[in-house]
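Residue-level structure breakdown
Chain by chain, the residues run as shown.
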Amino acid sequence: MSDFLSAFVDDLPQLRSGLWVTLQATVLGALLALLLSFVLGLMSVSRLLVTRGVSRVVVEFFRGTSLYIQLFWLYYAMPPLTGYELTPLLCGVVAFGLNYGAYGSEVVRGAISSVPRAQYEAAVALNMTPLYRMRKVIIPQAWVQMIPSFTNLLIQLLKCTPLLWLISAADLMTVIQQLRDRTGETLTAYLTLLVAYFVLAYALTLLMNLLERSAKRRLGLPTGAGSLLRSRSATEAVASAAGGAR
Amino acid sequence: MNGFDWNAARDALPLVLEGFRVTLLATVLGTLVAAVLGLAVAVAGRAPSRFVTVPVRIVTEFIRSTPLLVQLVGAAALFTSVEPLTIGIAVLGVHYAAYTAEVYRAGIDGVPKGQWEACRALSLTPRRTWQAVILPQAVRNVLPALGNYAISMFKETPFLAVITVQEMVFEARKYGADHFAYTEAFTLAGLVFLVASYPTSLLMRKLEKRLGH
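Residues numbered from 1 in each chain as written. Chains lettered and ligands numbered in written order. Predicted model: local features only at pLDDT ≥ 70, side-chain atom pairs only at ≥ 80, totals over all residues. Heavy atoms only, no water.

Observations concerning helix H6 (residues 126–156) of chain B
Which entries qualify depends on this criterion: Only DSSP runs of H or I with at least four residues qualify as helices, and only runs of E with at least two residues qualify as strands; both kinds are numbered from the N terminus onward. By this rule the span expected of a helix is its residue count minus one, scaled by 1.5 Å. To get the bend at a given residue, fit one axis to the seven residues ending there, fit another to the seven starting there, and take the angle between those axes.
Spanning 31 residues, H6(B) covers only 37 Å between terminal C-alpha atoms, well under the ideal 45 Å at 1.5 Å per step. Of all the bends in H6(B), the largest measures some 50 degrees and sits at B:Ile134, one to four residues before the proline B:Pro136.

Structural data, given as structure tokens:
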């Protein structure tokens, strides 16, 4: 145990860079996923059959083929096929973004279609253009409903980042595994890693709670102070399971 | 730039399908563990004493918030004498039980309060209440959600390759390394996943509609 502790302190610079890689993969992957969620989600509520169809095919493809395979395909299979090679971190960002973007598009679609019909009708009656209607009326209301599901997806994305270890990016898991190999403290090393991920997940949850609060306040909805510290609730977990959003 | 080698793909197919059997086995057994353990956790989470409910809540929250891959690799490193497939099934089962417990919990909460009161009025024992009244109603409602978790577990079984379980991705990776044919092997494995999981998700969606979700 003390061996591990001293090695831990000695290795702080590596640990910090490992944490940085993990955070980069999470944040950049999540941003790409968010962008794709909106693009694919808005496409799937389009009136044009072709647009809806394209979105459906892309979403089912990325949800159906397993993140693990997508990541490995990008890392191992793409270079010989196309001649392009991505850095391990970029492979991670692209794979996480594509996979969770596909799941996120369902969240966007569900939230948009749950905005009351009367809101559309009122916007039409006020002669708003479709773009203005989306931007000012529909999206702000749908956004509040999307945040809890997005939080779940974000935590799942974070939980996938140890995969980077397998494609030799020096992420947090890689660094702590090296520590473990040197000290032989298996239990301590993995517990440290688990706790680190737990803390990261909780920190991200708190940030998302803040975001939800500000989004609610903009709509004039009640925001209880207790809602800030709460972890992801059961109903959200169930809702995302029912939507297949994993 | 050597393109896609169809011969290599044909060559790799039997191996990938052989691995697919292990993938399916792990999914089915893992789902069973998750379904049973999750129910136990959900019932324990409604125990009258806080000394039971609070630790249960903390442990499930911890398991849900930490990566499956770390749990798997950690368990395999700690229990070196246990067979990898057994560890894989146990870890998958425990990890998903933390999720299914929430599903069951919502299902149990969905049973009307009047049912509990009726049981008390009839002075049924707690055991009879759960067995004969609450669970039959709760479980029926959660079946689609459990099915969806089974599908996501299926898509996460490739993690088992890391602890040397010889499932589909393990075989694909081995073939890729032996024949310099990663492209063909991984493409094949991805297609098998798609072909297996898409119809299942469609089926689950139908089931959800039928049960009125």
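Moving on from the model shown.
A word on the packing of aromatic side chains
Residues and elements named next belong to chain B. Definition in use: Here is the rule: rings of Phe, Tyr and Trp (six-membered ring for Trp) pair when centre to centre is within 6.5 Å. Planes less than 30 degrees apart are stacked, more than 60 are edge-to-face, and the remainder are tilted. A simple rule labels every residue: compare its accessible area, found with a 1.4 Å probe on the protein chains alone, to the largest value its type can have, and call it buried under 20%, exposed over 50%, or partly exposed in between.
Here the structure, examined in full by the defined rule, presents 19 aromatic pairs over all chains. Ring centres 6.2 Å apart and planes at 80 degrees place the aromatic pair Phe20 and Phe154 in the edge-to-face group. Placement of Phe20 in helix H1 (residues 6–44) and of Phe154 in helix H6 is noted, with a sequence separation of 134 residues between them. As far as the burial class goes, Phe20 and Phe154 line up, both buried. With centroids separated by 4.9 Å and ring planes inclined at 45 degrees, the aromatic side chains of Phe154 and Phe193 adopt a geometry described as tilted.

A short note on the packing of helix H3 (residues 68–78) of chain B against helix H4 (residues 84–109) of chain B
Angle between the axes and distance between the axes: these two values describe a pair of packed helices. Residue and element names in this part refer to chain B. Quick reminder of the rule: Axes here mean lines fitted to C-alpha atoms, for a helix over just the part in contact, with angles spanning 0 to 180 degrees between N-to-C directions. Comment on the angle field: the value is read as roughly parallel under 35 degrees, roughly antiparallel over 145, roughly perpendicular from 65 to 115, and oblique elsewhere. Left-handed is the label given to a crossing in which the near helix is rotated counterclockwise from the far helix by less than a right angle, and right-handed is the label when the rotation is clockwise. In what follows, a contact means two residues having at least one pair of non-hydrogen atoms within 4.5 Å. Lys, Arg, Asp and Glu make up the charged group, whereas Ala, Val, Leu, Ile, Met, Phe, Trp, Tyr, Cys and Pro make up the nonpolar group; the residues left over, Gly among them, are polar.
The geometry of H3 relative to H4 is characterised by a closest axis approach of 10 Å and an angle of 140 degrees between their N-to-C directions. Taken together, the axis directions place H3 and H4 in an arrangement best described as oblique. The crossing of H3 and H4 is right-handed. Of the residues in H4, those in contact with Leu68, Gln71, Leu72, Ala75 and Ala76 of H3 are Ile87, Gly88, Val91, Leu92 and His95. Class assignment for the residues of the contact of H3 with H4 results in seven nonpolar, three polar and no charged.

Overview of the interface of chain B and chain A
Going by this rule: Accessible surface is computed with a 1.4 Å probe, and the buried area is the amount of it that two parts give up when combined, taken over both parts together. Between Lys or Arg on one side and Asp or Glu on the other, a salt bridge is scored when a side-chain nitrogen of the former is within 4 Å of a carboxyl oxygen of the latter.
Contact residues are listed per partner, giving 48 residues for chain B and 46 residues for chain A. Both sides of the chain B and chain A interface together cover about 4,300 Å² of buried area, and 67% of this is carbon and sulfur. Counting the surface chain B buries against chain A, the share from its top three residues, B:Phe62, B:Val70 and B:Phe186, is 13%. At the boundary of chain B and chain A, one finds one salt bridge. Of the charged contacts, one joins B:Arg205 and A:Glu60 as a salt bridge, the two residues approaching to 3.5 Å between their closest N and O atoms. Mapped by element, the contributors of at least two residues to the side of chain B that touches chain A are helix H2 (50–65), H3, H4, H6, helix H7 (168–179) and helix H8 (182–210) of chain B. Per-element accounting of the side of chain B that touches chain A gives the leading share, twelve residues, to H8(B). Per-class residue counts for the side of chain B that touches chain A are 25 nonpolar, 13 polar and ten charged.

Structural notes on the side chain of A:Arg133
Residues and elements named next belong to chain A. Cut-off, in case you're wondering: Lys and Arg are tallied as positive, Asp and Glu as negative. Neither His nor the chain termini are counted.
Looking at where Arg133 falls in the secondary structure, it is placed in helix H7 (residues 130–160). Buried charge Arg133 goes without a salt bridge, the closest partner of opposite sign being Glu121 at 11 Å. Not counting residues within four places of it along the chain, the set of residues in contact with Arg133 comprises Tyr120, Ala123, Val124, Met128 and Ile138.

A short note on the side chain of A:Thr26
All names here are of chain A. Threshold: Residues adjacent in sequence count toward polar contacts only when both atoms are side-chain atoms; beyond that, a polar contact is any pair of N or O atoms within 3.5 Å, and within protein one must be able to donate a hydrogen and the other to accept it.
With respect to the secondary-structure elements, Thr26 resides in helix H2 (residues 12–44). We classify Thr26 as buried; its relative accessible area is 2%. Here the side chain of Thr26 touches Thr22 through a polar contact of 2.7 Å, landing on its backbone oxygen. For Thr26, the contacting residues outside a window of four places in its chain are Leu154, Leu157, Leu158, Thr161 and Leu204.

As for the packing of H2(B) against H4(B)
Residues and elements named next belong to chain B. Contact pair H2 / H4: the axes reach a minimum separation of 8 Å and the direction vectors enclose 120 degrees. As the angle between them shows, H2 and H4 are arranged oblique. Where H2 crosses over H4, the handedness of that crossing is left-handed. Contacts between H2 and H4 involve Arg57, Thr60, Ile63 and Arg64 from the former and Val94, His95, Ala98, Tyr99, Glu102 and Arg105 from the latter.

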